[in-house]
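Spelled out from the first residue to the last, the chains are:
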Amino acid sequence: IVPSPLVPVKRDLLHMPAIFNNGDDDKENILQTDQLLLNYCFGHPQSSLLLFPYASSVQYINHDSVNPNAYIRWSKDVKQKLEEGDVEGVDDVPAGLVMEFVALRDIA
């Protein structure tokens, strides 16, 4: 369907503490929430590293978890780079990461 370059994002940067007063007392409460960008990132729940695909057409891909029409894979060059080195965190991610969105069947 489309290749997309990726931006590495530190998960912690997407946390937003919201301070509010519920009106019952003078005590301020803190609600932990996340930036909306998190919805568009790929990453393991226990990893501090997220990957954000930023090709303009990627945002129009819709995911159906029951009957998907596409899958995601590393581009061949990126796969080789990742196999050659250790990627521990955002600072270790090689430049030029590309993910490919590939159709499983004809898309109308």
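Read on for a plain summary of the structure. Everything numeric here is computed off the predicted structure, so don't read it as measured data.

This part takes up the packing of aromatic side chains. Working definition: an aromatic ring pair is given by the centre-to-centre distance plus the angle between the planes. By the definition in use, this model includes one aromatic pair. When the ring of Phe-42 is compared with that of Phe-101, the centres are 6.4 Å apart and the planes differ by 50°; the resulting orientation is tilted. Of the two residues, Phe-42 is situated in the loop between strand E3 (29-34) and strand E4 (49-53) and Phe-101 in strand E6 (residues 98-103); the sequence distance between them amounts to 59 residues. Overall, Phe-42 belongs to the partly exposed group, its relative accessible area being 32%. Given the relative accessible area of 6%, Phe-101 is considered buried.

Where strand E1 (residues 2-10) and E6 come together, four bridges link them in antiparallel fashion. For Val-2, the partnering residue across the bridge sits in E6 and is Phe-101. Bridge count between E1 and E4: five bridges; the pairing is antiparallel. When the bridges of E4 are listed, Pro-8 appears paired with Leu-51.

Turning our attention to the sheet that holds strand E5 (residues 70-74). In a beta sheet, neighbouring strands pair by backbone hydrogen bonds and run either parallel or antiparallel. The four strands lie next to each other as E4-E1-E6-E5, forming an open sheet whose pairing is antiparallel. Each having just a single partner strand, E4 and E5 make up the two edges of the open sheet. Strand-to-strand twist in this sheet, taken as the mean axis angle between neighbours without regard to direction, amounts to 35°. Of the pairings in the sheet, the one linking E5 to E6 comprises five bridges and is antiparallel in character. Each bridged residue has a counterpart across the sheet, and for Trp-74 the counterpart in E6 is Met-99.

On to a nonpolar patch on the surface, then. Together, Leu-36, Leu-37 and Tyr-40 give the surface a local cluster of nonpolar side chains, amounting to about 280 Å² of exposed area. Taking the relative accessible area as the measure of exposure, Leu-36 reaches 56% and is therefore exposed.

Each value, and the rule that gives it
- Residues numbered from 1 in each chain as written.
- Predicted model: local features only at pLDDT ≥ 70, side-chain atom pairs only at ≥ 80, totals over all residues.
- Heavy atoms only, no water.
- Phe/Tyr/Trp six-rings, centres within 6.5 Å; stacked < 30°, edge-to-face > 60°.
- Helix = DSSP H or I, 4+ residues; strand = E, 2+ residues; numbered from the N terminus.
- Buried < 20%, exposed > 50% of the residue type's maximum accessible area, 1.4 Å probe, protein only.
- Pairing = 2+ DSSP bridges.
- Axes fitted to C-alpha atoms, helices over the stretch in contact; angles between N-to-C directions.
- Patch = residues over 30% accessible without salt bridge, like charges linked within 9 Å, V, L, I, M, F, W, Y side chains within 5 Å.
- Areas by Shrake-Rupley, 256 points an atom, 1.4 Å probe, with all protein chains shown as cover.
- Salt bridge = Lys/Arg side-chain N within 4 Å of Asp/Glu carboxyl O.

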